[in-house]
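Per-entry structural report
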Amino acid sequence: MTTTVKVPAGISGQKSYYSIEDADLQDVKNELALLALGDFEPLKLQIDINQYRKQIKAFDNDWVDYLPRVGRENDRQGLSFTSMPGGSHTDIPSLGELTHMLHRRVSELEVCEPTELLEGMECLWPLFQMFPKLGRSFVVRANQGGHFVPHRDHPTLKRDTFRLIVFPLNAGPYDYDWLMDDRKMPIEPGRVYYVNTRKMHRTMAWVDNSHHIILNVPMTTENVSKVIANYQHRH
């Protein structure tokens, strides 16, 4: 499936969809538990950023453009930890491109087949073992000026996944900005964060080769419980 698709301007891939019938009481309980946790919450989990730097170099020649837009230059690329069935780590990692190619709504949970990248990044295996079934998961490399415009991910009930994010490379305070509601978030490289990406957020890389990892974790009570059991700041 590896290809480059330029998505027309103004198309984010999928329209927001909301129906109260889609969410049951357990969905609401899980959302409330995460909402109480916070919007950008550090967990006890960390990855070895030195090992990450060494292991990702094996894929230096494989990066593909991430959601290229007609008439909008944006220096960012991606690699996929999971793909559609039969895919690879160089398949397009964005829902916008998949939706545009397949002409239908694509669920995060459909993009679930482990790729060579997942198998090759040993420093991330503890995370993959904690959450053995992932939805669309990938790493973004942004060079200087690479950015994501203000947006929200799956802002309505019910959502199939929630997001864990890691900033393993060139994501220091003068290297990379992650802003939520126009506030810059403090980032510890290698730390795993639960991030409420339903809230408005935007990003900007100020240096080349800035990486962040997005894991779409299935929204289940078991997975929410694992996050709560691993948050960093507690009594």
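The rules behind each value
- Residues numbered from 1 in each chain as written.
- Predicted model: local features only at pLDDT ≥ 70, side-chain atom pairs only at ≥ 80, totals over all residues.
- Heavy atoms only, no water.
- Buried < 20%, exposed > 50% of the residue type's maximum accessible area, 1.4 Å probe, protein only.
- Helix = DSSP H or I, 4+ residues; strand = E, 2+ residues; numbered from the N terminus.
- Contact = heavy atoms within 4.5 Å.
- Patch = residues over 30% accessible without salt bridge, like charges linked within 9 Å, V, L, I, M, F, W, Y side chains within 5 Å.
- Areas by Shrake-Rupley, 256 points an atom, 1.4 Å probe, with all protein chains shown as cover.
- Salt bridge = Lys/Arg side-chain N within 4 Å of Asp/Glu carboxyl O.
- Pairing = 2+ DSSP bridges.
- Arc of directions from axis to C-beta.
- Lys, Arg positive; Asp, Glu negative; His and termini not counted.
- Charge placed at Lys NZ, Arg CZ, Asp CG, Glu CD.
- Polar contact = N/O pair within 3.5 Å; in protein donor to acceptor, adjacent residues only side chain to side chain.
- Phe/Tyr/Trp six-rings, centres within 6.5 Å; stacked < 30°, edge-to-face > 60°.
- Lys NZ or Arg CZ within 6 Å of the ring centre and 35° of its normal.
- Core = buried A, V, L, I, M, F, W, Y, C linked by side-chain atoms within 4.5 Å.

1. Some details on helix 3 (residues 95-102)
Among the residues of helix 3, L95, G96, E97, L98 and T99 are the ones counted as buried. Residues of helix 3 that are buried in the fold lie against strand 2 (64-65). Positive phi shows up at H103, right after helix 3, with a value of about 60°.

2. What to know about a nonpolar patch on the surface
A contiguous nonpolar patch, built from L25, V28, L32 and L35 and spanning about 380 Å² of accessible area, is present on the exposed surface. Here L35 shows up in helix 1 (residues 25-37).

3. A closer look at the sheet that holds strand 10 (residues 183-184)
Strand order across the open sheet formed by four strands is 7-12-9-10, with antiparallel pairing between neighbours. For this open sheet the edge positions go to strand 7 (147-151) and strand 10, each flanked by a neighbour on one side alone. Summarising the sheet, strand 9 (residues 176-180) and strand 10 pair through two bridges and their orientation is antiparallel. Within the sheet, the bridge partner assigned to M180 lies in strand 10 and is R183.

4. Section: helix 6 (residues 221-229)
Listed in full, the buried residues belonging to helix 6 are N223, V224 and V227. Buried residues of helix 6 fall within an arc of 100° about the axis and therefore sit on the same side. Contact partners of the buried residues in helix 6: helix 1, strand 1 (40-46), strand 8 (161-169), strand 11 (191-195) and strand 13 (210-218).

5. Details of a negative patch on the surface
Taken together, the side chains of D65, E73, D75 and D208 present a region of like negative charge at the surface. Positionally, D208 belongs in the loop between strand 12 (201-205) and strand 13.

6. With respect to the side chain of S210
Position of S210 relative to the elements: it lies in strand 13. Residue classification places S210 among the buried residues on the basis of a relative accessible area of 0%. Of note is the side chain of S210, whose polar atom sits 2.7 Å from the backbone oxygen of N170. For S210, the residues in contact, after removing those within four places along its chain, are V140, R141, A142, L169, N170, A171, Y176 and A205.

7. Quick look at the packing of aromatic side chains
Counted according to the given criterion, the structure contains ten aromatic pairs. Of the aromatic side chains, those joined through ring pairs into one cluster are F40, F167, Y176, W178 and Y193. Over the ring of F148 we find R76; its NZ or CZ atom is 4.1 Å from the centre of that ring.

8. As for the pattern of salt bridges
Here the structure, examined in full by the defined rule, presents 13 salt bridges. For K57, the salt bridge identified is with D60, shortest N-O distance 3.5 Å. Using a relative accessible area of 52% as the deciding quantity, one classes K57 as exposed. Residue D60 is classed as partly exposed on the basis of its relative accessible area, which comes to 39%.

9. Concerning the environment of S80
Along the polypeptide, S80 turns up in strand 3 (residues 76-80). In this structure S80 comes out as buried when scored by relative accessible area, which is 2%. Separated by 34 residues in the primary sequence, S80 and P114 have C-alpha atoms spaced 8.7 Å apart. Apart from residues no more than four positions distant in its own chain, S80 is found in contact with S88, H89, D91, I92, P93, T115, L117, S137 and F138.

10. Some remarks on the environment of L164
Looking at where L164 falls in the secondary structure, it is placed in strand 8. For L164, a relative accessible area of 0% corresponds to the buried category. It is 6.1 Å that separates the C-alpha atoms of L164 and I214, two residues lying 50 residues apart in sequence.

11. Examining the nonpolar core
For soluble globular proteins, the rule of thumb is that nonpolar side chains tend to be buried together. Membership of the largest hydrophobic core comes to 33 residues, with the highest contact counts inside it found for Y52, F81, M121, L124, F162 and L164. Here the element with the most residues in this core is strand 8; it accounts for four residues.

12. Section: the side chain of R191
For R191, the position within the fold is in strand 11. In this structure the side chain of R191 is engaged in a polar contact, spanning 2.9 Å, whose partner is the backbone oxygen of L43. Leave out the neighbours within four places in its chain, and R191 touches P42, L43, K44, L45, Q46, I165, V166, F167 and Q232.

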